[in-house]
Amino acid sequence: NNSKRVFKKDIENLDKANLVIAYLTMPEIDAGTAFEIGYAYSKNIKIIGVLDDLRFFNEEQLNLMIEKSVEIVKNLDELKKELRSYVKFP
């Protein structure tokens, strides 16, 4: 079954990851993305969420569980800065 194969591969790749970047700008967070964030968080994998729509920057910008488990950046420049602080270059 193709859906079982996709699910299994997604989990395998998450298990290999040490960083997850999630695009969060949308009316509601995709259920699959929310699952991947929760799974990564449970495995102590760093998660960076890109939330680049200014309409969401208030006290209730995200679901509480997502907001507390993800390092939020507001644009690609902030994402680059966060990645540079995370990845050590020679």
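Keep in mind it's a predicted model, so treat the numbers as computed, not measured.

Undergrad: Let's hear about the pairing of strand β2 (residues 46-50): which residues, and what values?
TA: Burial runs high along β2: 4 of the 5 residues are buried. When strand β1 (residues 19-23) meets β2, the two strands line up parallel, connected through 5 bridges. Within the sheet, the bridge partner assigned to A22 lies in β2 and is G49. As paired elements, β2 and strand β3 (residues 71-73) share 3 bridges and run parallel to each other. Looking across to β3, one finds that G49 is bridged to I72.

Undergrad: Please provide a residue-by-residue account of the packing of aromatic side chains, values included.
TA: Counted according to the given criterion, the structure contains 2 aromatic pairs. Taking 6.1 Å as the distance between ring centres and 45 degrees as the angle between the ring planes, the aromatic pair formed by F7 and F35 counts as tilted. You can see F7 sitting in helix α1 (residues 2-16) and its partner F35 sitting in helix α2 (residues 31-42), a full 28 residues away along the chain. The partly exposed category is assigned to F35, whose relative accessible area is 39%. With centroids separated by 6.1 Å and ring planes inclined at 25 degrees, the aromatic side chains of F35 and Y39 adopt a geometry described as stacked. One end of the pair, F35, and the other, Y39, are both in helix α2, 4 residues apart, so they sit about a helical turn from each other. Among the aromatic residues, those joined into a ring-pair cluster are F7, F35 and Y39.

Undergrad: Residues and numbers for the pattern of salt bridges, please.
TA: Under the definition given, this model contains 2 salt bridges. Taking the shortest distance from any N to any O, the salt bridge between K9 and E12 comes out at 3.9 Å. With K9 and E12 both in helix α1, this residue pair falls 3 residues apart, about one helical turn. A residue is classified by how much of its surface remains accessible, and E12, at 29% relative accessible area, is partly exposed.

Undergrad: With reference to specific residues and values, describe the confidence of the model for the protein chain.
TA: Of all residues in the protein chain, 89% attain a pLDDT of 70 or more, and the chain-wide mean is 87. Mean pLDDT values for the elements of the protein chain range from 86 in helix α3 (residues 64-67) up to 96 in α1.

Reading the values: the criteria
Starting afresh in each chain, residues are numbered from 1 along the sequence in its written order. Per-residue local features of the predicted model are confined to residues with pLDDT of at least 70, and side-chain atom pairs are confined, for both listing and counting, to 80 or more; whole-chain, interface and lining totals are unaffected and use all residues. Each side-chain value is worked out from all heavy atoms of the structure, with water and hydrogens disregarded. Accessibility here uses a 1.4 Å probe with only protein chains present; expressed as a share of the type maximum, an area under 20% marks a residue as buried, one over 50% as exposed, and anything in between as partly exposed. Only DSSP runs of H or I covering at least 4 residues are called helices, and only runs of E covering at least 2 are called strands; the numbering of each starts at the N terminus. Here a strand pair is declared whenever DSSP counts at least two bridges between the two strands. Aromatic contacts are taken between Phe, Tyr and Trp rings whose centres are within 6.5 Å, Trp giving its six-membered ring; a plane angle under 30 degrees counts as stacked, one over 60 as edge-to-face, and the others as tilted. When a carboxyl oxygen of Asp or Glu lies within 4 Å of a side-chain nitrogen of Lys or Arg, that pair is called a salt bridge. Per-residue confidence from the predictor is given as pLDDT, running between 0 and 100.

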